[in-house]
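One letter stands for each residue in the lines below.
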Amino acid sequence: MILTKTEESRLLDSMAMKEYGIPEMVLMENAGSSVVRLTEKYVDWDGAFTVILCGTGNNGGDGFVAARYAAGRGARVLVLLMGNEAHMSESSKQYRHVIDKMGIPVIPISRAEEGAPYIHDADILVDALIGTGLSSEVKGEKALLITLMNEAQGIIISVDVPSGMLTDTGRAAGVVVDADYTVALGSVKRGHVLYPGSSYTGTLLYSPIGIPDEARMDFPVHLTEKEDVFNILPVRNRVSHKGKNGFIGIFAGSYGMEGAALLSGQGALYAGGGKVAVVTSAGAHSALAGRIPELMVSSLGKGPFFTEADSAEALEKAKAYDVIALGPGLGREKETGKFVKRLITSFDKTMVIDADALFAVKEEHIALDTCPGRLILTPHVGEFSHLTGLSPKEIENGRIDEAIRFAVENHVVLVLKGAPTVTAMPDGSAYVNTTGNPGMATGGMGDTLTGIIAALAGQGMNASGAALAGVYLHGLAGDMAAEKTPVGYRAGDLAEWIPLARAEVMKMGR
Ligand SMILES: NC(=O)C1=CN([C@@H]2O[C@H](COP(=O)(O)OP(=O)(O)OC[C@H]3O[C@@H](n4cnc5c(N)ncnc54)[C@H](O)[C@@H]3O)[C@@H](O)[C@H]2O)[C@@H](O)CC1
Ligand SMILES: [K+]
């Protein structure tokens, strides 16, 4: 499913009208009706005292249509209209006329206080004040109206976007409606899934409002859905053997940081890697060997961490691997950085670069775009900040665009971890992931993800597919783990849920 910026959602609407010839009133009819239809599963409209707050833009027009459908479901409907009615579009005016004819009361208000008693008593509040037409910070009476809604007890359903939310970033333009449900119209907007917009949005529902899917073909940013992952996950046939599912080499761990290597190894095993080998430094070997029977563990060199001198042997070993993962627990010694540089600039298959290897990418000035392999980088915000020189705040303000920019400039797949994780491709497209939960904000989760992505690449998925599917499965496994224990499950616990997450996705094929 596409994820749009404000200008893209406007483009989509105008394409629907101009190129496909769908009249604005038809879109508005579909929009307003779907607000009621899609929430029916969660909200009992029958008999509910429903206050619909309309602005004078087309968002308000959707509200007039919703009023009619809510009344049709047995709701006792009242519309509060704020703003200069002369500014309403012809479509909005027409639909206002319809509800007038139906006898649904419409009370024009200029001050929030006039609406207060109704808002206070409402069972359901439909927020149709401001949609994608938000122009500046919300102040004055409209801000007060929003505050009244947020303080009231009724269920809040926002039409298209919670009024006051910036659709591109999910941030509040001053005051914002704190919705229980939001029905996204025509497309899901970036702000619906970015933080803090996802919390203003509440439960996100989506209506295509009759705009044909063909019109959505060329938009670059997507929300990862189960179906996307199902479509690309390899199906294992009956005659499969371990040699067909990838030989994964994980270069990880150093003395004192052995756990990271084990967690990556576990991630790769549970994600179905055919053979998984952990290659670590001599100093870490004894702590790793034999810990997980399915994991082959070997070491390079003699020291506590990898040095440049170990790189020739590493590359020799790597010839046997279909995919390598590099980084977890390596440490940040200068010498280790040189080792990392040798590997990244020489290995010519798929490579997942994480953690301390990302640090080395910057410190050793590795020119990613000239490397022979297909590179997948998996930084969290701190690591991405170090890589790019952008501040964490700058990254959070433009997580999707910054991820895309980096992927395109460096010809890599970039997995920018966080809430939400963004997987950006070298062709300028990106997938935003919404599986996962705050219980995953613990040490070792990233190491597991690295192993998962490497294992999926080993099973024949291309770099982009392995990354976006790995991120989705990792989050889904976390969600499954969190069902019993919302906080306190470990990366190793999550790993055990990966096969079940994969099975959950594959159920789509039944
Ligand atoms: N053809 C279309 O463009 C369609 C649009 N639709 C709806 O129309 C919406 C977009 O409509 P519009 O572009 O008319 O704009 P909106 O209705 O989203 O917003 C404009 C209204 O909000 C007020 N407003 C904007 N910024 C404000 C601020 N900072 N403080 C206080 N008031 C503010 C304006 O005065 C105006 O009344 C979408 O979100 C969607 O709900 C749907 O009806 C489907 C079709
Ligand atoms: K709204």
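Residues numbered from 1 in each chain as written. Chains lettered and ligands numbered in written order. Predicted model: local features only at pLDDT ≥ 70, side-chain atom pairs only at ≥ 80, totals over all residues. Heavy atoms only, no water.

Enquirer: What exactly am I supposed to notice about the coordination of the potassium ion (ligand 2) here?
Expert: Tetrahedral metal sites with four donors have an ideal angle of 109.5 degrees; octahedral sites with six donors have ideal angles of 90 or 180 degrees. Around the potassium ion (ligand 2), the donor atoms from the protein are Asn 59 (OD1), Asp 127 (O), Ile 130 (O), Val 159 (O), Val 161 (O) and Ser 163 (OG), and they sit 2.6 to 3.0 Å away. Each of the 6 donor atoms around the potassium ion (ligand 2) contributes to a set of angles spanning 64 to 174 degrees, which defines the coordination as irregular. As a motif over one chain, the donors of the potassium ion (ligand 2) read N-x67-D-x2-I-x28-V-x1-V-x1-S. Judged by relative accessible area, which is 0%, Val 159 ranks as buried. (Donors = N, O, S within 2.8 Å, 3.2 Å for Na, K, Ca; no water. Tetrahedral: all angles 85-135°; square planar, octahedral: opposite > 155°, others 65-115°. Buried < 20%, exposed > 50% of the residue type's maximum accessible area, 1.4 Å probe, protein only.)

Enquirer: Sorry, what's going on with the sheet that holds strand β11 (residues 247–251) here?
Expert: Hydrogen bonds between backbone groups are what pair the strands of a sheet, and the pairing can be parallel or antiparallel. The 10 strands are arranged β10-β19-β18-β17-β16-β15-β14-β11-β12-β13 in an open sheet whose pairing can be described as mixed. Across the chains shown, the open sheet's two edge strands, defined by having one partner strand only, are β10 (221–223) and β13 (295–300). The average undirected angle you get between the axes of adjacent strands in this sheet is 20 degrees. Summarising the sheet, β11 and strand β14 (residues 323–326) pair through 4 bridges and their orientation is parallel. Within β14, the position partnered with Phe 251 by the bridge is Leu 326. (Pairing = 2+ DSSP bridges. Helix = DSSP H or I, 4+ residues; strand = E, 2+ residues; numbered from the N terminus. Axes fitted to C-alpha atoms, helices over the stretch in contact; angles between N-to-C directions.)

Enquirer: Quick question: what am I supposed to make of the nonpolar core here?
Expert: Side chains that are nonpolar tend, in soluble globular proteins, to be buried together. Counting residues in each nonpolar core, the largest one holds 54 residues, and the members touching the most others are Ile 250, Ile 376 and Leu 456. No other element matches helix α19 (residues 463–484), which puts 13 residues into this core. In contact with Ile 376, not counting residues within four places along its chain, are Thr 350, Met 351, Val 352, Ile 353, Val 413, Val 415, Ile 453, Ala 463 and Ala 467. In this structure, Ile 353, Leu 375, Val 412 and Leu 414 belong to the second largest nonpolar core, which totals 52 residues. (Core = buried A, V, L, I, M, F, W, Y, C linked by side-chain atoms within 4.5 Å. Contact = heavy atoms within 4.5 Å.)

Enquirer: Please explain the pattern of salt bridges as it appears in this structure.
Expert: One side chain can pair with another of opposite charge once the charged atoms of both are near each other. Scanning all chains against the criterion turns up 20 salt bridges. The shortest N-O distance in the salt bridge between Lys 5 and Asp 401 comes to 3.4 Å. Taken together, the residues Lys 5 in the loop between β1 (3–4) and α1 (6–18) and Asp 401 in helix α17 (residues 399–410) connect sequence positions 396 residues apart. Note that Arg 405 is salt-bridged to Glu 402, the shortest N-O span being 3.0 Å. Taken together, the residues Arg 405 and Glu 402, both in helix α17 and 3 residues apart, mark about one turn of the helix. (Salt bridge = Lys/Arg side-chain N within 4 Å of Asp/Glu carboxyl O.)

Enquirer: For this particular structure, what's the right way to read the UniProt feature "domain: YjeF C-terminal" (unreviewed entry) in the protein?
Expert: According to UniProt, the positions carrying the feature "domain: YjeF C-terminal" (unreviewed entry) are residues 225–505. With 47% helix and 14% strand, the stretch residues 225–505 has end C-alpha atoms that lie 10 Å from each other. (UniProt positions renumbered as here; feature names shortened; annotations may be inferred.)

Enquirer: Before we go on, may I ask you to explain the packing of aromatic side chains in this structure?
Expert: The geometry of two aromatic rings is summed up by the distance between their centres and the angle between their planes. In total, this model carries 6 aromatic pairs according to the counting rule given. Look at Phe 247 and Tyr 321: their rings are 4.9 Å apart centre to centre, the planes differ by 85 degrees, and that puts the pair in the edge-to-face class. Residue Phe 247 is found in strand β11, and its partner Tyr 321 is found in the loop between α12 (311–318) and β14; the two are separated by 74 residues along the sequence. On the basis of relative accessibility, which here comes to 15%, the residue Phe 247 falls in the buried class. (Phe/Tyr/Trp six-rings, centres within 6.5 Å; stacked < 30°, edge-to-face > 60°.)

Enquirer: Looking at this model, I keep getting lost on the site of ligand 1. Mind explaining?
Expert: Taken together, 24 residues sit near ligand 1, with Asn 59, Asp 62, Gly 131, Ser 136 and Asp 160 positioned nearest. Thr 56 has a polar side-chain atom sitting 2.9 Å from an oxygen atom of ligand 1. A distance of 2.8 Å separates an oxygen atom of ligand 1 from a polar atom in the backbone of Gly 133. Protein contacts shield 81% of the accessible area of ligand 1, which totals 850 Å² for the unbound molecule. Taken together, the elements giving at least two residues each to the shell around ligand 1 come down to α1, α2 (24–39) and α3 (58–72). (Near = heavy atom within 4 Å. Polar contact = N/O pair within 3.5 Å; in protein donor to acceptor, adjacent residues only side chain to side chain. Areas by Shrake-Rupley, 256 points an atom, 1.4 Å probe, with all protein chains shown as cover.)

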